[in-house]
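Structural characterization, general
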Amino acid sequence: MQRGIRRKEIFSDQNDYHMFLSILSKELKRNQCKLHAYCLMTNHYHLLVETSEYEVWKFMKNLAHNYAQYYNSVNAFQGHLFERRYKSCLVQDDAYFLQTSRYIHLNPVKARMAAHPEDYKWSSYRTMLGISDDQITVKERTLGYFKGKSVHRYRDFVEDIGHKYMVTESEIHKEIEEDEIWLPW
């Protein structure tokens with residue numbers, strides 16, 4: 001997770017979202033990483049990334065650096081775009097993996113930017129459900145946890161917070177040091 005400096009927006013228009021996703025796609029390929037979930041909010045973004053031999057800090061540094069260069073160039077800005085280094089947590093078990101995916105996909109709903117997670121365009125949730133294909137999200141691991149009608153069962157899991165795989169949201173908040181209340185951006 002990485003947030004804009006002083007909580008300012010890091011995505012001003014559709015072009016910014018598209019450029020970020022393009023840079024993300026290039027970095028994923030270059031670093032042989034897998035993207036399991038993402039959500040681009042107005043002033044921050046969340047990623048669930050599986051790395052290979054390449055260290056995650058290098059991936060995140062290149063992603064942030066390349067996007068900041070683009071954003072500053074387009075807007076004639078100088079200086080920092082992000083408030084600090086990215087925040088991360090190591091996902092070591094299946095329940096935490098699934099809860100992190102849910103947490104990411106529910107971000108726009110909790111921020112009251114969308115009534116349902118599939119209504120929000122700048123998230124991998126639509127790809128997970130097969131509504132669209134962003135060409136960067138790897139669905140197999142996530143959907144593999146759900147037998148049979150995996151897409152429907154994943155949707156039920158995301159939208160039903162009482163699911164048996166529940167890991168408390170406060171644990172994720174603590175891990176990424178995101179302790180403020182949800183703000184609508």
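Scroll up for the structure.
Residues numbered from 1 in each chain as written. Predicted model: local features only at pLDDT ≥ 70, side-chain atom pairs only at ≥ 80, totals over all residues. Heavy atoms only, no water.

Observations concerning the packing of helix α1 (residues 14-30) against helix α2 (residues 56-75)
What counts, and what does not: Note on geometry: axes are C-alpha line fits, over the in-contact stretch for helices, and angles between N-to-C directions span 0 to 180 degrees. The secondary structure listing takes helices from DSSP runs of H or I that are at least 4 residues long and strands from runs of E that are at least 2 residues long, numbered from the N terminus. Convention used here: angles under 35 degrees read as roughly parallel, angles over 145 as roughly antiparallel, angles from 65 to 115 as roughly perpendicular, and any remaining angle as oblique. Should the near helix be turned anticlockwise from the far one by less than a right angle, the crossing is left-handed, and should it be turned clockwise, the crossing is right-handed. The contact criterion used throughout is that any non-hydrogen atoms of two residues lie within 4.5 Å. Classification convention: Asp, Glu, Lys, Arg as charged; Ala, Val, Leu, Ile, Met, Phe, Trp, Tyr, Cys, Pro as nonpolar; all other residues, Gly among them, as polar.
Between α1 and α2, the least distance of the axes is 10 Å, while the angle of their chain directions is 150°. Comparing their axes, α2 and α1 come out roughly antiparallel. Between α1 and α2 the crossing geometry is right-handed. Side by side, α1 and α2 meet where Asn15, Asp16, Met19, Phe20, Ile23, Leu24, Glu27, Leu28 and Arg30 of the first sit next to Phe59, Asn62, Leu63, Asn66, Tyr67, Tyr70 and Tyr71 of the second. Of the residues that constitute the contact of α1 with α2, the class distribution is 10 nonpolar, 3 polar and 3 charged.

Description of the packing of aromatic side chains
Put simply, the test is: Aromatic rings from Phe, Tyr and Trp, with only the six-membered ring used for Trp, were paired whenever their centres fell within 6.5 Å, and each pair was classed as stacked if the ring planes differed by under 30 degrees, edge-to-face if by over 60, and tilted otherwise. Here's how the labels work: a residue is buried when its accessible area is under 20% of the maximum for its type, exposed when over 50%, partly exposed in between, all with a 1.4 Å probe on protein chains only. A ring has a charge above it when a Lys NZ or an Arg CZ is no more than 6 Å from the ring centre and no more than 35 degrees off the ring normal.
Considering all chains together, one arrives at 15 aromatic pairs under this definition. Ring centres 5.4 Å apart and planes at 90° place the aromatic pair Phe11 and Phe20 in the edge-to-face group. The two residues Phe11 and Phe20 agree in class, both being buried. For the ring pair Tyr17 and Trp122, a centre distance of 4.5 Å and an interplane angle of 10° mean the geometry is stacked. Pair noted here: Tyr17 is in helix α1 and Trp122 is in the loop between α3 (94-110) and α4 (125-129), with a separation of 105 residues, a long-range link. Here the aromatic cluster, defined as three or more aromatic residues joined through ring pairs, consists of Phe11, Tyr17, Phe20, Tyr45, Tyr67, Tyr70, Tyr71, Phe77, Phe82 and Trp122. The ring of Phe157 is capped by Arg102, whose NZ or CZ atom sits 3.9 Å from the centre of that ring. A cation over a ring is seen here: Arg141 above Phe97, with NZ or CZ 4.0 Å from the ring centre.

Focus: the packing of α3 against helix α6 (residues 150-159)
For the pair α3 and α6, the least separation of the axes is 9 Å and the interaxial angle reads 75°. The angle between α3 and α6 falls in the class roughly perpendicular. Residue-level contacts link Leu98, Gln99, Ser101, Arg102, His105 and Leu106 of α3 to Tyr154, Phe157 and Val158 of α6. A per-class count over the contact of α3 with α6 returns 5 nonpolar, 3 polar and 1 charged.

Thoughts on the side chain of Asn31
Relative to the helices and strands, Asn31 resides in the loop between α1 and β2 (34-40). In contact with Asn31, other than residues within four places in its own chain, are Ser52, Tyr54 and Phe59.

Re the sheet that holds strand β1 (residues 2-3)
Note the threshold: A pair of strands counts as paired when DSSP detects no fewer than two bridges linking them.
What the 3 strands build is an open sheet, ordered β1-β3-β2; its pairing is antiparallel. Every other strand in the sheet has two partners, leaving β1 and β2 as the edge strands with one partner each. Direction of pairing for β2 relative to strand β3 (residues 44-50): antiparallel, over a ladder of 6 bridges. Directly across from Ala37, in β3, lies its bridge partner Leu48. Across the sheet, α2 touches β1 and β3, and the angle it forms with β3 is around 145°.

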